[in-house]
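The residues making up each chain are set out below.
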2 protein chains.
Amino acid sequence: MGKHAECCDEQCIHQELVSKVLTDLPDEDTLYDLAELFKVFGDSTRVRILFALFESELCVCDLSEALAMTQSAISHQLQLLRTNKLVKSRREGKQVYYSLADEHVVTIIAQGLNHILE
Amino acid sequence: MGKHAECCDEQCIHQELVSKVLTDLPDEDTLYDLAELFKVFGDSTRVRILFALFESELCVCDLSEALAMTQSAISHQLQLLRTNKLVKSRREGKQVYYSLADEHVVTIIAQGLNHILE
DNA sequence: TTTACATATGAGCATTTGTTCATTTGTTTG
DNA sequence: CAAACAAATGAACAAATGCTCATATGTAAA
């Protein structure tokens, strides 16, 4: 005990509280996955892509045009969004259409907006 | 038009959709702030700190002990959390107690959990 | 006022991240 | 089949990030 908290004399540590925190903390995997999920929302390019998809499904080219970014940049970000199950894709001929994977995406972004708009 | 979408021949672009997306996209500042907010949640150390504060307010030393990290590392992250108004602090003697700034924090994390737990 | 303790902070460094560029893959049309 | 187009992908590189270490600041007790 006190292994990492050599910063202070342990007399300032509230042991009961710390113990409770330790038992109630989600497991490492959950914490990691949760952080990874939010990391995906933590980039304005990806947020803009998601907002764009609020309207309707769009192909890579549409997104590229709407966000004024290269096809490659958009495509890379779409892969990341897809890996994290925030968007899904559907191929139709030469084009691939992307859309939101589920309603969680909308809810999470709405909560975020709530916070920054105070 | 088509400035950045040299990837494709514009014949694949759905102009009406793209136009609608452009008018409905939030302004740059909002998008940036939103991404910045989620970026804060996008790190497992910070997520762990927030989870710990679900229990009760804790001093830096408690957090350092609970998360098994140095006081400096915790302190740096707390500053970031404070700057983004996710936690607030209260000094009591030599110690500084941190707690969640508001309920949005809980709601946002809950939504994130919902998503990863499918 | 000196000493000790709790926290904050700046600089440095290794790692991660987002974009670009070049190329490849998949699909349709001639 | 070859040619053209839409999208995906790997490598490279600059920028951002999170931690460590050393030190500074703020507070209380001796």
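So, here's what we can say about the structure. (Residues numbered from 1 in each chain as written. Chains lettered and ligands numbered in written order. Predicted model: local features only at pLDDT ≥ 70, side-chain atom pairs only at ≥ 80, totals over all residues. Heavy atoms only, no water.)

1. Re the interface of chain A and chain B
Stated precisely, the cut-off is as follows: Contact definition: two residues touch when any of their heavy atoms are within 4.5 Å. As a working definition, buried area equals the accessible area (1.4 Å probe) given up by two parts on being put together, with both sides summed. Whenever a carboxyl oxygen of Asp or Glu lies within 4 Å of a side-chain nitrogen of Lys or Arg, that contact is scored as a salt bridge. Whenever two N or O atoms come within 3.5 Å, that pair is a polar contact, provided that in protein one can donate a hydrogen and the other can accept it, and provided that, for residues adjacent in sequence, both atoms are side-chain atoms. Classification used: nonpolar for Ala, Val, Leu, Ile, Met, Phe, Trp, Tyr, Cys and Pro, charged for Asp, Glu, Lys and Arg, polar for all others including Gly.
Across the contact, 68 residues belong to chain A and 69 residues belong to chain B. Between chain A and chain B lies a buried interface of about 5500 Å² when both sides are counted; carbon and sulfur atoms form 72% of it. Taken as a group, Phe38(A), Glu65(A) and His115(A) account for 13% of the area that chain A buries against chain B, more than any other trio of residues on that side. Summed over the shared surface of chain A and chain B, the result is four salt bridges. For the pair chain A and chain B, the number of links is eight residue pairs in polar contact (both at pLDDT 80 or more). Of the residues in the side of chain A that touches chain B, the class split is 34 nonpolar, 19 polar and 15 charged.

2. Brief notes about the protein's contact with DNA strand D
Spelled out, the test is: Working definition: residue near molecule or strand if any one of its non-hydrogen atoms lies within 4 Å of it. Each helix is a run of H or I in the DSSP string that is no shorter than four residues. Each strand is a run of E no shorter than two, and both are numbered from the N terminus.
Taken together, 30 residues lie around DNA strand D, and Ser75(A), Tyr98(A), Cys8(B), Ser72(B) and Gln77(B) are the ones closest in. By atom count, sugar and phosphate contribute 67% of the portion of DNA strand D lying within 4 Å of the protein. A distance of 3.3 Å separates a phosphate oxygen of DNA strand D from a polar backbone atom of Val96(A). Thr45(B) is positioned with one of its side-chain polar atoms (N or O) 2.7 Å from a phosphate oxygen of DNA strand D. Among the secondary structure elements, those contributing two or more residues to the surface near DNA strand D are helix H4 (60–67), helix H5 (71–83) and strand E3 (95–100) of chain A together with helix H3 (44–55) and helix H5 (71–83) of chain B. In terms of residues, the surface near DNA strand D owes the most to one element, H5(A), which gives five residues. Among the residues forming the surface near DNA strand D, the class breakdown is ten nonpolar, 13 polar and seven charged.

3. Quick word on the relation of the copies chain A and chain B
What counts, and what does not: A residue counts toward the fit only if its pLDDT is at least 70 in both copies, and the copies are then superposed by least squares on the C-alpha atoms of those residues.
It takes a turn of 180° to lay chain A on chain B, together with a shift of 0.0 Å along the axis; the resulting RMSD is 0.0 Å. Here the symmetry operator amounts to a two-fold rotation axis.

4. A word on unusual backbone geometry
Residues and elements named next belong to chain B. Counted only if it meets this: Each residue gets one of three labels from its accessible area relative to the maximum for its type: buried under 20%, exposed over 50%, partly exposed in between, using a 1.4 Å probe on protein chains only.
Even without being glycine, alanine 68 reaches a positive phi, approximately 55°. By secondary structure assignment, the location of alanine 68 is in the loop between helix H4 (60–66) and H5. In this model, lysine 85 sits at a positive phi of 60°, which is unusual for a non-glycine residue. Within the secondary structure, lysine 85 sits in the loop between H5 and strand E2 (87–92). What makes lysine 85 exposed here is its relative accessible area of 52%.

5. What about the nonpolar core?
Defined as follows: Here the nonpolar core consists of buried residues drawn from Ala, Val, Leu, Ile, Met, Phe, Trp, Tyr and Cys, with membership extended through side-chain atoms lying within 4.5 Å.
Of all hydrophobic cores here, the largest spans 79 residues; its most connected members are Phe41(A) and Phe41(B). If sequence neighbours within four positions are ignored, Phe41(B) has contacts with Ala35(A), Phe38(A), Val47(B), Leu50(B), Leu86(B), Val105(B), Ile108(B) and Ile109(B).

6. Thoughts on the packing of aromatic side chains
The condition that has to hold: Note on aromatic contacts: the rings of Phe and Tyr and the six-membered ring of Trp form a pair at centre separations within 6.5 Å, being stacked when their planes are under 30 degrees apart, edge-to-face when over 60 apart, and tilted otherwise.
Tallied over the full model, the rule gives five aromatic pairs over all chains. Aromatic side chains Phe41(A) and Phe38(B) sit 5.1 Å apart centroid to centroid with 45° between the ring planes, which places their arrangement in the tilted category. Of the two residues, Phe41(A) sits in helix H2 (residues 28–41) while Phe38(B) sits in helix H2 (residues 28–41), which places them in two different chains. Aromatic side chains Phe51(A) and Phe54(A) sit 5.0 Å apart centroid to centroid with 50° between the ring planes, which places their arrangement in the tilted category. With Phe51(A) and Phe54(A) both in helix H3 (residues 44–55) and three residues apart, this pair spans about one turn of that helix. Overall, Phe51(A) belongs to the buried group, its relative accessible area being 11%. Look at Phe54(A) and you get partly exposed, because its relative accessible area is 33%.

7. Remarks on the sheet that holds strand E2 (residues 87–92) of chain A
Residues and elements named next belong to chain A. Threshold: At least two DSSP bridges between two strands are required for those strands to pair.
Strand order in this open sheet of three strands is E1-E3-E2, and the pairing throughout is antiparallel. Either end of the sheet is taken by a strand with one partner, and the two such strands are strand E1 (58–59) and E2. With two bridges connecting them, E1 and E3 associate as antiparallel partners. By the bridge assignment for E3, leucine 58 is matched with tyrosine 98.

8. Section: the packing of H4(A) against helix H1 (residues 15–24) of chain B
For clarity, the threshold we go by: With axes taken as lines fitted to C-alpha atoms, and helix axes fitted only over the stretch in contact, angles between N-to-C directions fall between 0 and 180 degrees. Should an angle fall under 35 degrees it is taken as roughly parallel, and over 145 as roughly antiparallel, whereas 65 to 115 is taken as roughly perpendicular and any remaining angle as oblique. If you view the pair so one helix is near and one far, a crossing is left-handed when the near helix is turned anticlockwise from the far one by less than a right angle, and right-handed when it is turned clockwise.
Running from N to C, H4(A) and H1(B) point in directions that differ by 40°, and their axes come no closer than 9 Å. Taken together, the axis directions place H4(A) and H1(B) in an arrangement best described as oblique. Both H4(A) and H1(B) take part in a crossing whose hand is right-handed. Across from Asp62(A), Glu65(A) and Ala66(A) in H4(A), the residues of H1(B) making contact are Gln15(B), Val18(B), Val21(B) and Leu22(B). Residues that form the contact of H4(A) with H1(B) fall into these classes: four nonpolar, one polar and two charged.

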